[in-house]
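# What the coordinates show
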Amino acid sequence: MTETEIITYREAVAEGIAREMRRDPTVVCLGEDIAAAEGVFKTTVGLLKEFGPRRVWDTPISEQAIVGAAMGAAMTGMRPVAEIMFSDFFAVCWDYVANEIPKARYMTGGQVTVPLVLRTANGGGLGFGAQHSQAVENWALTIPGLKIVAPSTPADVIGLMAASIRSDDPVIFCEHKGLFATKGPKPPEGHVIELGKANVVREGTDVTIVALASTVHTSLAAAERLAAEGVSAEVIDLRCLIPMDLATVLTSVGKTSRLVTVEENPYQGGWGATVVSVVVDEGFQLLDAPVKRVASENVPLPFADTLEEAVIPTVDKVVAAVKSVVNF
Amino acid sequence: MSNETTELLAMYEQMAVIRRTEKAAYDLFLAGLVKGTTHLASGHEAVAVGASFALRPDDYVFATYRGHHHAIARGATPEACLAELMQKATGLCKGKGGSMHLTWAPGNMLGSYAIVGAHLPIAVGAAWSAQLRGTSQVAVAFFGDGATNIGTFHEALNLASIWKLPVIFVCENNLYMEYTPIGAVTAADHPAADRAPAYRIPAKVIDGNDVIVVRDAVAEAAARARAGEGPTVIEAETYRHYGHSRTDPAKYRPAEEVERWLKHDPIDVARARLEALGVTPDTIKGIDERADAIVAAAIDAAKNAPVADVREALTDVWADGGSAWRT
């Protein structure tokens, strides 16, 4: 019997990209330190060696040119995968993310398409400080025209990377830097996860917990603790913010009648608000308790571990939120 | 008739059509049939037409929000352009883009861009794509003097230079960054050409109102690019006949400067060249009348077209034609 190979999340990034580059010669990569240095987080190991310098490009520190050039290449027959080293840096090239890429097809009446992937190291937990640690999936959520992906496991990295690169639409692919060292089974060749399909990672009956990327793990740990106290939590890994799989969420709330979202972004403007507003609108009759959102405090992310822990969602905070709706 | 004369006649006609289309846009704006804003290219015709005649049909063109002349030079009809401005279903972009976003993808005119400087890196990407695909296509980014001070100008030139990309940067220097003289806000005499050497890119300053000069400069740059020698910066000196946008009377421009430039009208320059080649005034008058008829018909057709289809409001966010954000 063959053993399933185990890989890390960071290895899964390189593997996911490599699989797509092998099957489609129009896939090319660009970014800062991604080729010769194999990525500051070692997420592009082996790509330059396998595919050569005409498919894996080191760029200057020029986020606007990196993303703008990716857009131009995508509009003219290529499938670029551009790296933004830290997701906070989307602010540096925000015109392309907010004004150019998502609008080109619509404003031209459908004359152009922009099949690109902007992949980035997102989220906190490694002590990089306020400008290198943000979870910014919600920034992109405010803009129609971008698909948004945030995998929580190595297998999902590979499956969602395949779908993202094959998509003819622009995709923001948020790799979580705090998850790079985590491990999981390596999926077989051809593993593709359709965008917009959430994953019920733990079944339960008393409460629906909706999570994304790092908060999936926080929520699963909370669910373990809650189970010991007789509370059965269903945990949904959204996987994508756009397309947002609200059908899965509503089905789950129909079963549990309680909802808690767990978001790494700050509470104000967080993605959970969209989930909650739809559930309260379309699933009002399903609810037996108020809806709680566990999210980061509305402050910049502090550097010291004790301070960061006070700000971000923790297992304790999720357990407390679930108990408050279960005991309502 | 020589090839040169035939070509110049065609260039003259295209400039004449553009001039009349821009005047139509201005008149229709005053009549309340074009809303929002327009940024007219009257006076800039030679840059668009001269460049277009130096390029192949499969070369890429990227323009600014002052881009009507580039759309038409690459094959968009005056009717589709005016219909777009008038919010009609037959508009170039189905009424979804407006004056600042005229795009004609079948002619590889891949957009007019409203954010200053945004399209320069995009053009660099199209050139990169051509290099990767080995097609010898070139990409041309047209931009104003005002764009030379924004970050994307510098990032684009640097990247194009280090990767030796087949891109041509054409600055339409009309001496004004919107309402401000460019010299007052730029640490260089020639805003584009003087910056190019810092990026190891060859540059030249040319008379942007002589369509033959423009054609020859772009042809030379395109040959360099196709031979793998990298980018070029061309700074084409020209002048707006109208103000910056809408009905701006451009009172910030000295009267003698305006008068001097109006006397150096690109259409008059082309006419003088044609006459020197032996073309008769009657022939030129015939072209003027044909241009009148083309644009008059375009105005009529655009006026009579139906308004933008409401169903299109929710189409073409995604490649599948839809706009669904959730299940």
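Residues numbered from 1 in each chain as written. Chains lettered and ligands numbered in written order. Predicted model: local features only at pLDDT ≥ 70, side-chain atom pairs only at ≥ 80, totals over all residues.

## Regarding the pairing of strand β2 (residues 109-113) of chain B
Residues and elements named next belong to chain B. The buried fraction of β2 is high, at five of five residues. Taken together, the three bridges between strand β1 (residues 60-64) and β2 define a ladder with parallel strand orientation. Pairing of Val-61 across the sheet is with Met-109, part of β2. (Buried ≥ 20, exposed ≤ 12 C-beta atoms within 10 Å, placed from the backbone. Helix = DSSP H or I, 4+ residues; strand = E, 2+ residues; numbered from the N terminus. Pairing = 2+ DSSP bridges.)

## Remarks on the sheet that holds strand β5 (residues 117-122) of chain A
All names here are of chain A. The strand order across the open sheet formed by seven strands is β3-β2-β4-β5-β7-β6-β12, and the pairing between neighbours is mixed. Two strands in the sheet have a free side with no partner beyond their single neighbour: β3 (56-58) and β12 (240-242). The sheet shows a mean angle of 20° between the axes of neighbouring strands, direction not considered. Bridge count for β5 against strand β7 (residues 171-176) is six bridges, and the pairing is parallel. Bridge pairing links Leu-118 to Ile-172 in β7. Together, β2 (27-31), β4 (79-86), β5, β6 (147-149) and β7 form the strand contacts of helix α7 (residues 154-166), whose direction differs from that of β7 by roughly 160°. (Axes fitted to C-alpha atoms, helices over the stretch in contact; angles between N-to-C directions. Contact = placed C-beta atoms within 7 Å.)

## Quick word on helix α10 (residues 281-304) of chain B
All names here are of chain B. Helix length check: α10, at 24 residues, gives a terminal C-alpha distance of 35 Å against a target of 34 Å (1.5 Å per residue), a fit within 8%. Every buried residue of α10 is accounted for by Ile-287, Ala-291, Val-295, Ala-298, Ile-299 and Ala-302. Buried residues belonging to α10 abut α1 (3-30) and α4 (78-85). (Expected span 1.5 Å × (residues − 1).)

## Re the domain arrangement of chain A
Residue and element names in this part refer to chain A. As assigned here, chain A comprises domain 1 (6-185) and domain 2 (199-326). Domain 1 and domain 2 are separated by 26 Å when their C-alpha centres are compared. Across the boundary between the two partners, domain 1 contributes 25 residues, which contact 23 residues of domain 2. Put simply, the parts of the chain that give the side of domain 1 that touches domain 2 at least two residues each are α6 (137-141), β6, α7 and β7. Looking at side-chain class alone, the side of domain 1 that touches domain 2 contains eleven nonpolar, eleven polar and three charged residues. (Domains from an automatic or database assignment. Nonpolar A, V, L, I, M, F, W, Y, C, P; charged D, E, K, R; others polar.)

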